[in-house]
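# Inside the fold
Given next are the chains, with one letter for each unit.
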Amino acid sequence: MSRNRSLRVVRAPASFRTAWISDVHLGTRTANAGALREFLRSHDFNTLYIVGDLIDTWAMHRGFF
């Protein structure tokens, strides 16, 4: 059995009319900014709604990441 280590899976961007992003809490230890960036890069939207806390200023008073 041979393995092709240079194999790359390329996906076409998914396209949606509307997407909602809520309570991301950027700037905190638990935020996963990389996953958000990858989600935004791999999807196309006509309209993107950001609701809830995108940046958690309440938690950032102790320091940000």
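Residues numbered from 1 in each chain as written. Predicted model: local features only at pLDDT ≥ 70, side-chain atom pairs only at ≥ 80, totals over all residues. Heavy atoms only, no water.

## Some remarks on the overall build of the protein
Counted only if it meets this: The numbering of helices and of strands both runs from the N terminus, where a helix is a DSSP run of H or I of at least 4 residues and a strand a run of E of at least 2. Under the scheme applied here, a residue whose accessible area is under 20% of the maximum for its type counts as buried, over 50% as exposed, and between as partly exposed, the area being computed with a 1.4 Å probe on protein chains only. Any two residues whose heavy atoms approach within 4.5 Å are treated as being in contact. Accessible surface is estimated by sampling points in the Shrake-Rupley manner with a 1.4 Å probe; for residues, cover comes only from the protein chains shown.
Looking only at helices and strands, one finds two helices and two strands in the protein. Each helix and strand of the protein, ordered N terminal to C terminal, gives the series β-α-β-α. Within the span of the protein, comprising 65 residues, buried residues form 14% of the whole. Taking the contacts inside the protein whose residues are at least 6 apart along the sequence as the reference set, 82% of them involve residues at least 24 apart. When the accessible surface of the protein is split by element, carbon and sulfur atoms take 53% of a total near 6000 Å².

## What about the side chain of Thr28?
Keep this limit in mind: Polar contacts, as used here, are pairs of N or O atoms within 3.5 Å; protein pairs need one atom able to donate a hydrogen and one able to accept it. Residues neighboring in sequence count only if both atoms are side-chain atoms.
Mapped onto the elements of the fold, Thr28 is located in the loop between strand S1 (14-22) and helix H1 (33-42). From its side chain, Thr28 meets the backbone oxygen of His25 in a polar contact 2.7 Å long.

## Here we look at the packing of aromatic side chains
Keep this limit in mind: Each Phe, Tyr or Trp ring (for Trp, its six-membered ring) is paired with any other whose centre lies within 6.5 Å, and the angle between the two planes then decides the class: stacked below 30 degrees, edge-to-face above 60, tilted in between.
Here the structure, examined in full by the defined rule, presents two aromatic pairs. On the basis of an interplanar angle of 20 degrees and a centroid distance of 4.4 Å, the ring pair of Trp20 and Tyr49 is categorised as stacked. Of this pair, Trp20 sits in strand S1 while Tyr49 sits in strand S2 (residues 43-51); the two residues are 29 residues apart in sequence, bridging distant segments of the chain. The class of Trp20 is exposed, set by a relative accessible area of 58%. On the accessibility criterion, Tyr49 (38% relative accessible area) is partly exposed. On the basis of an interplanar angle of 40 degrees and a centroid distance of 5.8 Å, the ring pair of Phe39 and Phe45 is categorised as tilted. A relative accessible area of 33% means that Phe39 is categorised as partly exposed.

## Digging into the environment of Asp44
Among the secondary structure elements, Asp44 is positioned in strand S2. Residue Asp44 is classed as partly exposed on the basis of its relative accessible area, which comes to 41%. In this structure the C-alpha to C-alpha distance between Asp44 and Arg17, which are 27 residues apart in sequence, comes to 8.2 Å. The contacts of Asp44, once residues within four sequence positions are left out, are Pro13, Ala14, Ser15 and Phe16.

Any link to function would need more than the numbers given here.
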